[in-house]
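Observations on chain architecture
The chain contents come next:
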Amino acid sequence: MSDTPRDLEELRKRIDELDLDIMRLISERATCAQQVAEIKTERDPDAAFYRPEREAQVLRRIMALNQGPLDSEEMARLFREIMSACLALEQPIKVAYLGPEGTFTQQATLKHFGESAVSLPMAAIDEVFREVEAGAVNYGVVPVENSTEGVINHTLDSFMDSSLRISGEVVLRIHHHLLVGETTRRDKVSRIYSHPQSFAQCRKWLDAHFPHAERVPVSSNAEAARLVKTEWHSAAIAGDMAAKLYGLTRLAEKIEDRPDNSTRFLIIGSHEVPMSGEDKTSVVVAMRNQPGALHDLLEPFHRHQIDLTRLETRPSRSGVWNYVFFIDFKGHRDEPRVTAVLDEVRLRAAELKVLGSYPMGVL
Ligand SMILES: O=C(O)C(=O)C[C@]1(C(=O)O)C=C[C@@H](O)C=C1
């Protein structure tokens, strides 16, 4: 295609026309969503407007049908925002997340719910649980495991005492940067702030590039970024959101030791989620302390050919049994083979609690 002024003008004219078409179509879609909301309220005055299973289906369909040139994830992200705006028109959704602002959990919240959700930072994981339990917010977002550092025990422990359900998961690629402020003397960095998990994820890089800098652990990456703003000899390890929030620049990019470093977050709420077609179920099982307990627990999953995606053990806080297992597997609790397995496990276990069936992360 030649780049003469005439072609450029014609193309821009065409883009203007297309933008109008897109706007008309988005408005028509938003009107449909408003009508869906009316039907939901007619059927049940306490109906949930946010439907995770439907959102997952919409995004999967877009990804499957997309023919480029935009890649499928990019296209799905655009639709993520359109749906987020449509839902806000039905009912603005409030989401509590493990803060402060600028953390990866906030980034995960936006990735999952889109920019039109109202997101509220909380100081601790238990506070996120409490806000959802109290009904002050519709949903909560908490980290649960990191591919490099493993499970976040605090989140698992919070589930033991809570009646909340898991209604979704979101996986975020975690990229850490070494960030400095405007006044930082880049050749004189003698102190680095970050969250202990982030230090662990960047250990080799730090040993190679800043072996003598003091490593100061703080409560979050965003807090690290905040502190650096006023210290000329300090740097922070944090992500893009924190860098943007505190106006810091990257002295080094993507310094995580493993390029596939990612964190999985859970969406917690009080509603059960119907099947989406590609679902996961999370359960917590207490077994009596006897030989073969783990084998007894896992055997029915194997026999019914159910794929386990995660198995974690936590010490029980009750004296009656010693092992508590957190198990994630593919399938929805309403599927007959999953119901069959859960019935069998219930007979063998001291206690079984289904934490939720929910759509597998799409984006
Ligand atoms: O299908 C619905 O139930 C809707 O409310 C519509 C819609 C959408 O925009 O597609 C909006 C919000 C829901 O979370 C799911 C989907």
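How each quantity is defined
- Residues numbered from 1 in each chain as written.
- Predicted model: local features only at pLDDT ≥ 70, side-chain atom pairs only at ≥ 80, totals over all residues.
- Heavy atoms only, no water.
- Phe/Tyr/Trp six-rings, centres within 6.5 Å; stacked < 30°, edge-to-face > 60°.
- Helix = DSSP H or I, 4+ residues; strand = E, 2+ residues; numbered from the N terminus.
- Buried < 20%, exposed > 50% of the residue type's maximum accessible area, 1.4 Å probe, protein only.
- Near = heavy atom within 4 Å.
- Polar contact = N/O pair within 3.5 Å; in protein donor to acceptor, adjacent residues only side chain to side chain.
- Areas by Shrake-Rupley, 256 points an atom, 1.4 Å probe, with all protein chains shown as cover.
- Nonpolar A, V, L, I, M, F, W, Y, C, P; charged D, E, K, R; others polar.
- pLDDT = per-residue confidence, 0-100.
- Pairing = 2+ DSSP bridges.
- Axes fitted to C-alpha atoms, helices over the stretch in contact; angles between N-to-C directions.
- 1 Å grid on protein atoms, 1.4 Å probe; cavity = no way out; pocket = protein on both sides within 12 Å on 5 of 7 lines; lining within 4 Å.
- Points joined across faces, edges and corners; volume = space filled by probe spheres on them.
- Domains from an automatic or database assignment.
- Contact = heavy atoms within 4.5 Å.

1. As for the packing of aromatic side chains
Going through the model one piece at a time under the given rule, you end up with six aromatic pairs. For the ring pair Phe 113 and Tyr 139, a centre distance of 5.9 Å and an interplane angle of 40° mean the geometry is tilted. Of this pair, Phe 113 sits in helix 4 (residues 104-113) while Tyr 139 sits in strand 3 (residues 139-146), and the two are 26 residues apart along the sequence. Comparing Phe 113 with Tyr 139, the two get one shared label, buried. Both rings, one in Trp 205 and one in Phe 210, keep their centres 5.9 Å apart while their planes meet at 35°; by these two values the pair is tilted. A residue is classified by how much of its surface remains accessible, and Trp 205, at 17% relative accessible area, is buried. Members of the aromatic cluster, each reached through a chain of ring pairs, are Tyr 50, Phe 113 and Tyr 139.

2. A few points about the site of the ligand
Neighbouring residues of the ligand: Arg 29, Val 36, Lys 40, Phe 49, Tyr 50, Arg 51, Arg 54, Glu 55, Met 83, Cys 86, Leu 87 and Glu 90. Arg 51 is positioned such that a nitrogen or oxygen atom in its backbone is 2.9 Å from an oxygen atom of the ligand. Glu 90 is positioned with one of its side-chain polar atoms (N or O) 2.5 Å from an oxygen atom of the ligand. Alone, the ligand offers 360 Å² of accessible surface; in the complex the protein occludes 91% of this. Counting residues per element, the ones that place at least two in the shell around the ligand are helix 1 (5-43), helix 2 (52-65) and helix 3 (72-90). Counting residues per element, the shell around the ligand draws most heavily on helix 3, at four residues. Split into classes, the residues belonging to the shell around the ligand amount to six nonpolar, no polar and six charged.

3. Let's talk about the confidence of the model for the protein
Do not read the fine detail of predicted coordinates wherever pLDDT is low. When pLDDT is averaged along the protein, the result is 93; 97% of the residues meet or exceed 70. Per-element confidence in the protein ranges from a low mean pLDDT of 84 for strand 4 (residues 150-151) to a high of 98 for helix 2. Model confidence for the complex: the whole-complex pTM is 0.92, and ipTM, which rates the interface, is 0.99.

4. Re the sheet that holds strand 8 (residues 214-217)
The strand order 8-7-9-6-10 describes an open sheet built from five strands, whose pairing is mixed. Edge positions in the sheet fall to strand 8 and strand 10 (249-252), since each of these pairs with one other strand and no more. The mean angle between the axes of side-by-side strands here comes to 35°, regardless of whether they run parallel or antiparallel. Of the strand pairs in this sheet, strand 6 (residues 177-180) and strand 10 are connected by three bridges, and their pairing is antiparallel. Bridging across to strand 10, Leu 179 finds its partner in Arg 250.

5. Quick notes on empty space enclosed by the protein
Inspection of the entire model under this criterion finds one cavity of 30 Å³ or more. Counted as a void, the largest cavity has a volume near 190 Å³. Considering the residues around the largest cavity, the lining is formed by 18 residues, among which Leu 59, His 112, Glu 169, Gly 361 and Val 362 are closest to the centre. In terms of residues, the lining of the largest cavity owes the most to one element, strand 5 (residues 165-173), which gives five residues. Residue assignment places the lining of the largest cavity across two domains, with domain 1 (14-89) and domain 2 (93-170) each supplying three or more.

6. Observations concerning the sheet that holds strand 13 (residues 308-315)
Paired through their backbone hydrogen bonds, the strands of a sheet run either parallel or antiparallel. Across the sheet, four strands lie side by side as 13-14-12-15; this open sheet has antiparallel pairing. Each edge of the sheet is formed by a strand with only one pairing partner; in this case those strands are strand 13 and strand 15 (351-359). The average angle at which neighbouring strand axes cross in this sheet is 15°, direction not considered. Here strand 12 (residues 279-287) pairs with strand 14 (residues 323-330) via eight bridges, running antiparallel. By the bridge assignment, Thr 281 is partnered in strand 14 with Phe 329. The strands touched by helix 11 (residues 293-303) within the sheet are strand 12, strand 13 and strand 14, with strand 14 carrying the most contacts at an inclination of about 15°.

7. Comments concerning unusual backbone geometry
Looking along the chain, the bond that leaves Gly 68 and enters Pro 69 is cis, with omega of 5°. Note on placement: Pro 69 falls in the loop between helix 2 and helix 3. At the junction of Gly 99 and Pro 100, the peptide bond is cis and its omega measures out at 0° in the coordinates. Residue position: Pro 100 is located in the loop between strand 1 (94-98) and helix 4. Although it is not a glycine, Lys 254 sits at a positive phi angle of roughly 45°.

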